Amino acid sequence: MEYIIIIISAIFVNNIVLNKFLGICPFIGVSGRVETSLGMSGAVLFVMTIATLVTYLIQHYILDTLRIGFMQTITFILVIASLVQLVEIILKKVSPSLYQALGIFLPLITTNCTVLGVAIMSVQQDLNLMESIVFAIANSIGFGLALVTFAGIREHLELAEVPKALKGVPIAFIVAGLLAMAFLGFTGIV
Amino acid sequence: MNQIKNLTKGFFKENPVFVLFLGLCPTLGVTTTAINGIGMGLATTFVLLMSNLVISLMKNFIPDKVRIPSFIVIIASFVTIVELILQAYLPSLFEALGLFIPLIVVNCLVLGRAEAFASKNDLFTSIIDGFGMGLGFTFALALLGAVRELLGSGSIFGFKFINGDGILIFILSPGAFLALGYLIVMINKINRKGA
């Protein structure tokens, strides 16, 4: 039951992009086409789950044991950066087809604040190991949902007649605002 | 003359938020009030200034292949310093900014300036660049914070001048996107007139 609450809350109610404002750069940057946003979401799902698992273990068995909690930011970002490299190398060897699909998005993920954000949030909310993993998966699905929906709208937007001053990024923000308003409707279901 | 241009470019011509679209997560996340916006802006300015300084000094010692991880470690150290200082001296601001303080590490503005500017320019120019870009970022956050605070709760810098509530949606998440979208349009208009 608790897992269901975590999942619904992370995907709809507290959507990581539209409600917590994490990962806005890829949200605006790579959401031109549905296909690329699907690729990006897949890469985020992959990296975020592994990163949350690893940072959970580091937080509980290294930082807490040695009482060096203040090193959290430095440790986590280093772990995430090297993890992304590692995932890239392993993927290249083990599954070239998956690497083909996700390859170009992987380096971008290091500076995607959703990964570090979710890792820190699951520590702050005192989730246990299983809950942290569920939380990470749910958040990356929420990220994917927002990104793919937004890409779908933007594909149609290209054909629409938009005032010259609003073309490009400004209209994207306004559309994102309306999308966020729609997600606001989920408030209170859990 | 050149240095003055270098300092002021961050405000309009190359404003990190409105023109370059860097560092958008904290921009949208913390600007429910003007004060929070300024606090976040100054914290980022400090990190930007110090990391530009250190990276510019160390650019000849850092091997090219590991430059990005080295930059991230330098930036993360200064973010930790800011985090500890805020927690000790400004606990209310620390509470308000919350998750977005550690996330300065992954603010693309900081890493972007390190990579694009500080690793190629001399010490003094890099410091000026970091300071100017930081102030431009602060300006953008303060502006967005002021607009949202004014519309959303009818106050500015905490001084209330209407009775009751404002348009609540501007304090909530959709208002952040809408306000930033329209502000970008206005800044574009100003920039085009200046050119």
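This part takes up the overall build of chain B. Of regular secondary structure, chain B possesses eight helices and two strands. Each helix and strand of chain B, ordered N terminal to C terminal, gives the series α-α-α-α-α-α-α-β-β-α. For chain B, whose C-alpha radius of gyration is 17 Å, the value lies close to the compact-globule estimate of 16 Å for 195 residues. Oriented by its inertia axes, the alpha-carbon framework of chain B measures out at about 60 × 45 × 25 Å. Counting across all 195 residues of chain B, residues that qualify as buried make up 51%. Partitioning the intrachain contacts of chain B with sequence separation of at least 6 by distance along the chain shows that 74% fall at a separation of at least 24. Only carbon and sulfur atoms are counted for the fraction: they give 71% of the accessible area of chain B, which is about 8,700 Å². When the 13 basic and 9 acidic side-chain charges of chain B are each reduced to a single mean position, those positions are 12 Å apart.

What follows covers the interface of chain B and chain A. Taken together, the 33 residues of chain B in the interface contact 34 residues of chain A. Our enumeration of links across chain B and chain A arrives at zero salt bridges. Joining chain B to chain A, the criterion identifies two residue pairs in polar contact (both at pLDDT 80 or more). Contributing elements (two or more residues each) for the side of chain B that touches chain A: helix H2 (24-30), helix H4 (67-89), helix H6 (108-118) and helix H8 (173-194) of chain B.

A surface patch of like charges, here positive, comprises Lys164(A), Lys167(A), Lys189(B), Arg192(B) and Lys193(B). You can see Lys193(B) is positioned in helix H8.

Residues and elements named next belong to chain B. Evaluation of the coordinates by the stated rule reveals five salt bridges over all chains. A salt bridge links Arg 67 to Asp 64, with the shortest nitrogen-to-oxygen separation between them at 3.8 Å. Among the residues examined, Arg 67 registers a relative accessible area of 25% and is labelled partly exposed. Within the structure, one salt-bridge network assembled from shared partners comprises Lys 9, Arg 113 and Asp 129.

As a further point, take the packing of aromatic side chains. The relative placement of two aromatic rings is captured by the distance of their centres and the angle of their planes. Tallied over the entire structure, the rule returns nine aromatic pairs over all chains. Aromatic pair Phe12(A) and Phe186(A): ring centres 4.7 Å apart, planes at 45°, arrangement tilted. Of this pair, Phe12(A) sits in helix H1 (residues 2-13) while Phe186(A) sits in the segment after helix H9 (169-184), placing them 174 residues apart in sequence. The partly exposed category is assigned to Phe186(A), whose relative accessible area is 29%. Three or more aromatic residues joined by ring pairs form one cluster here, namely Phe21(A), Phe27(A), Phe150(A), Phe173(A) and Phe177(B).

For the rest of this paragraph, the subject is empty space enclosed by the protein. According to the stated counting rule, one finds one cavity of 30 Å³ or more in the structure shown. Surrounding the largest cavity, 13 residues form its lining, Cys25(A), Cys113(A), Cys25(B), Val106(B) and Asn107(B) being those nearest its centre. Mapped by element, the contributors of at least two residues to the lining of the largest cavity are helix H2 (24-29) of chain A together with H2 of chain B. No other element matches the three residues that H2(B) contributes to the lining of the largest cavity. Looking at the lining of the largest cavity residue by residue, the class counts come to nine nonpolar, four polar and no charged.

Residues and elements named next belong to chain B. For the pair helix H3 (residues 34-58) and helix H7 (residues 123-153), interaxial distance at closest approach is 8 Å and the crossing angle is 165°. Put simply, H3 runs roughly antiparallel to H7. Crossing geometry of H3 relative to H7 is assigned as right-handed. Taken together, the residues of the contact of H3 with H7 sort by class into 17 nonpolar, 11 polar and two charged.

Before going further, it helps to examine helix H3 (residues 34-66) of chain A. Here H3(A) is 33 residues long and its end C-alpha atoms lie 45 Å apart, about the 48 Å a rise of 1.5 Å per residue gives. In the segment just after H3(A), Arg67(A) is the residue with positive phi, at about 55°.

Take a nonpolar patch on the surface next. Among the surface-exposed residues, Leu53(A), Leu57(A), Tyr61(A), Ile62(A), Leu66(A) and Leu129(A) lie close enough to one another that they form a single nonpolar patch of about 560 Å² accessible area. Among the elements that make up the nonpolar patch, the one with the highest residue count is H3(A) (five residues).

Reading the values: the criteria
Position labels on residues start from 1 in each chain and follow its written sequence. A letter from A marks each chain and a number from 1 marks each ligand, given out in the order of writing. Selection of residues for local features in this predicted model requires a pLDDT of at least 70, selection of side-chain atom pairs for listing and counting requires 80 or more, and totals for whole chains, interfaces and linings are taken over all residues. Water and hydrogen atoms play no part in the side-chain values, which are based on all heavy atoms of the structure. A helix here means a DSSP run of H or I that spans at least four residues, while a strand means a run of E at least two residues long, and both kinds are numbered starting from the N terminus. Only C-alpha atoms enter the radius of gyration, while the globule expectation follows 2.2 Å times N to the 0.38, with N the number of residues. Exposure categories follow from relative accessible area, calculated using a 1.4 Å probe and restricted to protein chains: below 20% of the type maximum is buried, above 50% is exposed, and the middle band is partly exposed. The criterion used for residue contact is that any of the two residues' heavy atoms lie within 4.5 Å. For the accessible areas, the method is Shrake-Rupley and the probe is 1.4 Å, while residue cover comes only from the protein chains on display. Lys and Arg are tallied as positive, Asp and Glu as negative. Neither His nor the chain termini are counted. Here the site of a charge means NZ on Lys, CZ on Arg, CG on Asp, or CD on Glu. Salt bridges are defined as contacts in which a side-chain nitrogen from Lys or Arg sits within 4 Å of a carboxyl oxygen from Asp or Glu. The definition of a polar contact used here is a pair of N or O atoms within 3.5 Å, where within protein one atom must be able to donate a hydrogen and the other to accept one, and adjacent residues in sequence count solely through side-chain atom pairs. Every patch collects residues that have over 30% relative accessible area and no salt bridge, joining them within 9 Å if they carry like charges and within 5 Å if they are nonpolar side chains (Val, Leu, Ile, Met, Phe, Trp, Tyr). Note on ring pairs: Phe, Tyr and Trp rings are taken, using the six-membered ring of Trp, and paired if centres are within 6.5 Å. Classes follow the plane angle, with under 30 degrees stacked, over 60 edge-to-face and the rest tilted. Any residue with an atom within 4 Å of a point lines the site, the site being either a cavity, points on a 1 Å grid over the protein atoms alone where a 1.4 Å probe fits but cannot get out, or a pocket, an open set with protein on both sides within 12 Å along at least 5 of 7 lines. Grid points are joined across faces, edges and corners, and a volume is the space filled by probe spheres set on the points. Just so you know the grouping, Ala, Val, Leu, Ile, Met, Phe, Trp, Tyr, Cys and Pro go in nonpolar, Asp, Glu, Lys and Arg go in charged, and all remaining residues, Gly too, go in polar. Between N-to-C directions, angles cover 0 to 180 degrees, with each direction set by a line fitted to C-alpha atoms, over the stretch in contact for helices. In these notes the angle categories are as follows: under 35 degrees is roughly parallel, over 145 is roughly antiparallel, 65 to 115 is roughly perpendicular, and the rest is oblique. Two helices crossing with the near one rotated counterclockwise from the far one by less than a right angle form a left-handed crossing, whereas a clockwise rotation gives a right-handed crossing. Any helix carries an expected span of 1.5 Å times its number of residues minus one.

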